[in-house]
Amino acid sequence: MKGRFISFEGIDGAGKSTHLEWYAERLREAGRAVLLTREPGGTELAEALRALLLGEAMDARTELLLMFAARQDHLERRVRPALANGTWVVCDRFTDSTLAYQGSGRQGPTERIRDLADWIHPDLWPDRTYLFDLPAPEALRRRAQARPADRFEAEDVAFFERVRAGYQALARAEPNRFLVIDANESIDRIRLVLANDCASLR
Ligand code: TMP
């Protein structure tokens with residue numbers, strides 16, 4: 001018995017965090033064992049890398065490689081063992097974030113990102129990815145009200161426009177894996193969409 005792997009994606013401020021706990025709870029109510037986790041992070045080592053990634057100045061290659069270092073540790077120690085014992089893994093961000101942020105946002109080497117993904121997790125992509133889609137200026141407005149900016153959130157609107165466009169292209173390329181959620185909809189409406197989709201996953 002293998003668990004399902006589900007990821008939540010979107011630009012900072014699009015609102016995915018509002019729904020993660022709630023979504024994991026729906027799965028638990030349906031009788032699933034659930035691991036709710038995040039990237040970068042999810043293990044002691046990966047959380048330490050996260051603190052560096054979000055706080056320390058670094059060049060784009062260092063950033064990309066640290067993202068994958070954190071991912072490798074997280075997959076090895078938490079995600080793969082959980083899936084193997086039938087636990088459903090709900091992950092706040094995964095490699096689509098790297099393609100969108102380090103690829104589209106930073107205008108980095110998408111082919112190398114794909115190569116790293118093929119090396120680190122050739123056999124593993126999410127079964128379902130929810131993309132919270134919101135215009136960058138609206139996401140910025142929401143973030144400004146919620147919290148001080150980290151190193152990524154301090155990027156300008158043009159950066160987040162590129163990240164958003166990158167995500168939209170990923171969703172178009174894999175319509176069966178992605179479910180695009182209009183993050184301008186009400187919380188209740190979004191939860192209805194999530195609940196219906198969650199019930200359809202087997
Ligand atoms: P969070 O604020 O959603 O927890 O995510 C942390 C930040 O890390 C967010 O701004 C997106 C960024 N990030 C990347 O740039 N590349 C990645 O591969 C991942 C997982 C996150």
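Quick summary incoming for the structure in this document. (Residues numbered from 1 in each chain as written. Predicted model: local features only at pLDDT ≥ 70, side-chain atom pairs only at ≥ 80, totals over all residues. Heavy atoms only, no water.)

Bringing the overall build of the protein chain into the picture now. Across its full length, the protein chain carries eight helices and five strands. Sequence-ordered secondary structure for the protein chain, helices as α and strands as β, is β-α-β-α-α-β-α-α-β-α-α-β-α. A compact globule built from 202 residues would reach a C-alpha radius of gyration of about 17 Å, and the protein chain, at 16 Å, matches this within 12%. Principal-axis analysis of the C-alpha atoms places the extent of the protein chain at approximately 45 × 35 × 30 Å. Taken over 202 residues, the protein chain has a buried fraction of 49%. When the accessible surface of the protein chain is totalled, it reaches about 9800 Å², and 51% of it is carbon and sulfur. Computing the positive centroid from 30 side-chain charges and the negative centroid from 32, the protein chain places the two 2 Å apart. (Helix = DSSP H or I, 4+ residues; strand = E, 2+ residues; numbered from the N terminus. Rg over C-alpha atoms; globule rule 2.2 N^0.38 Å. Buried < 20%, exposed > 50% of the residue type's maximum accessible area, 1.4 Å probe, protein only. Areas by Shrake-Rupley, 256 points an atom, 1.4 Å probe, with all protein chains shown as cover. Lys, Arg positive; Asp, Glu negative; His and termini not counted. Charge placed at Lys NZ, Arg CZ, Asp CG, Glu CD.)

A separate point is the site of the ligand. The local shell around the ligand holds 13 residues, among which Lys16, Arg50, Arg93, Thr98 and Gln102 are the closest. One of the side-chain nitrogen or oxygen atoms of Asp12 is found 2.9 Å away from an oxygen atom of the ligand. A distance of 2.8 Å separates a nitrogen atom of the ligand from a polar atom in the side chain of Gln102. Across the complex, the protein chains shield 95% of the 480 Å² of accessible surface that the ligand would expose by itself. Of all the secondary-structure elements, those providing two or more residues to the shell around the ligand are helix 3 (60-84) and helix 4 (95-105). Among the elements that make up the shell around the ligand, the one with the highest residue count is helix 4 (four residues). Split by residue class, the shell around the ligand holds four nonpolar, three polar and six charged. (Near = heavy atom within 4 Å. Polar contact = N/O pair within 3.5 Å; in protein donor to acceptor, adjacent residues only side chain to side chain. Nonpolar A, V, L, I, M, F, W, Y, C, P; charged D, E, K, R; others polar.)

Spatial strand order, 2-3-1-4-5: five strands in an open sheet with parallel pairing. Every other strand in the sheet has two partners, leaving strand 2 (34-38) and strand 5 (178-182) as the edge strands with one partner each. Recorded for the sheet is a direction-independent mean angle of 20° between the axes of neighbouring strands. In this sheet, strand 5 lies alongside strand 4 (residues 128-133) in parallel orientation, the contact comprising five bridges. Of the residues in strand 5, the one forming a bridge with Phe132 is Ile181. Helix-sheet contacts for helix 1 (residues 17-29) involve strand 1 (5-10), strand 2, strand 3 (88-92) and strand 4, and the interaxial angle to strand 2 is about 165°. (Pairing = 2+ DSSP bridges. Axes fitted to C-alpha atoms, helices over the stretch in contact; angles between N-to-C directions. Contact = heavy atoms within 4.5 Å.)

What follows covers unusual backbone geometry. Only a minority of non-glycine residues have a phi that is not negative, and only a minority of peptide bonds are not trans. Between Glu39 and Pro40 the backbone carries a cis peptide bond, its omega angle lying at -10°. Tracing the backbone through its elements, the reader meets Pro40 in the loop between strand 2 and helix 2 (44-55). Unusually for a residue other than glycine, Arg93 sits at a positive phi of about 80°. The topology assignment puts Arg93 in the loop between strand 3 and helix 4. Arg93 sits in the buried class, given a relative accessible area of 11%. In this model, Gln107 sits at a positive phi of 55°, which is unusual for a non-glycine residue. One can find Gln107 in the loop between helix 4 and helix 5 (110-120).

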